[in-house]
Amino acid sequence: MSLSIRNQLPATVVSVTPGEAMATVQGRLSGGQMVTAAMTMSAVRELGIGAGSEVTALAKATEVALATGEVSGLSIRNRLPGAVSRLTLGAAMATVVIDIGGGQELTAAITQDAATELGLAEGSRVTALIKSTEVSLATG
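Residues numbered from 1 in each chain as written. Predicted model: local features only at pLDDT ≥ 70, side-chain atom pairs only at ≥ 80, totals over all residues. Heavy atoms only, no water.

Could you give me a rundown of the sheet that holds strand E9 (residues 125-130), with the residues and numbers involved?
Ordered in space as E5-E9-E6-E7-E8, the five strands form an open sheet in which the pairing is antiparallel. Each having just a single partner strand, strand E5 (65-67) and strand E8 (104-111) make up the two edges of the open sheet. Averaged over all pairs of adjacent strands, the angle between strand axes in this sheet comes to 45 degrees, irrespective of strand direction. For strand E6 (residues 78-89) and E9, the ladder comprises six bridges, and the chain directions are antiparallel. Among the inter-strand pairings, Gly82 is bridged to a residue of E9, identified as Val126. (Pairing = 2+ DSSP bridges. Helix = DSSP H or I, 4+ residues; strand = E, 2+ residues; numbered from the N terminus. Axes fitted to C-alpha atoms, helices over the stretch in contact; angles between N-to-C directions.)

Give me the sheet that holds strand E2 (residues 22-29): which residues, what numbers.
On the basis of which strands lie adjacent, the open sheet formed by five strands has the order E3-E2-E1-E4-E10 and antiparallel pairing. Two strands close off the open sheet at either side, each with one partner strand: strand E3 (34-40) and strand E10 (136-138). Adjacent strand axes in the sheet meet at a mean angle of 45 degrees when their direction is disregarded. Where strand E1 (residues 7-18) lies against strand E4 (residues 54-59), six bridges are found, and the strand directions are antiparallel. Looking at E4, one finds that Leu9 is bridged to Ala57.

Could you give an account of the UniProt feature "domain: Mop" (unreviewed entry) in the protein chain, with specific residues and numbers?
Mapped onto this numbering, the UniProt entry gives "domain: Mop" (unreviewed entry) at residues 2-68 and 73-139. Annotated as residues 2-68, this span is 10% helix and 54% strand, and its ends, taken at the C-alpha atoms, are 32 Å apart. (UniProt positions renumbered as here; feature names shortened; annotations may be inferred.)

Outline empty space enclosed by the protein, supporting the account with residue identities and numerical values.
All chains considered together, the criterion is met by one cavity of 30 Å³ or more. What the largest cavity holds in volume is close to 40 Å³. As for the largest cavity, its lining consists of Leu9, Val35, Ala57, Leu58, Ala59, Leu80, Leu106, Ile130 and Val135. Counting residues per element, the lining of the largest cavity draws most heavily on E4, at three residues. (1 Å grid on protein atoms, 1.4 Å probe; cavity = no way out; pocket = protein on both sides within 12 Å on 5 of 7 lines; lining within 4 Å. Points joined across faces, edges and corners; volume = space filled by probe spheres on them.)

Lay out the pairing of E2 with the relevant residues and their values.
Burial along E2 is one-sided: Ala23, Val25, Gly27 and Leu29 are buried, while Met22, Thr24, Gln26 and Arg28, pointing the other way, are not. Alignment of E1 against E2, held across seven bridges, turns out to be antiparallel. Residue Val13 lies in a different strand from E2, and its bridge partner there is Gly27. Hairpin connection from E1 to E2: three residues lie between these consecutive antiparallel strands. Hairpin geometry of E2 and E3 is characterised by an intervening segment of four residues between the two adjacent antiparallel strands and by a positive phi of about 95 degrees at Gly32. (Buried < 20%, exposed > 50% of the residue type's maximum accessible area, 1.4 Å probe, protein only.)

As structure tokens, this is what we get:
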């Protein structure tokens, strides 16, 4: 199956924290960063996800926010630091590709105004922010 979702990051599940209806799943990316996905317990069971499982973390580029300063006081679990490796500015939107280490890249689609206000350029240090409810997991 091919997907239009740009962000497809291989990860190894470190832990699954079950709840009554939902679970949080933490995975380690190849660069050592942690990624958290919030998903239903039925999805965890159907996909057979447990510690040690190999998964692909999926996140739409439009669900990735960027920060250039210190990030604190947020409920967002996924905070992936990196450097801008490519920046494409359009009339309304910008595509920002971030090297997050371990040979992995993450793409953010933000407004051109936001890219300008943040002063983004190739090499800029940023932190990519993704809510755990916006991360899906795929197996196999």
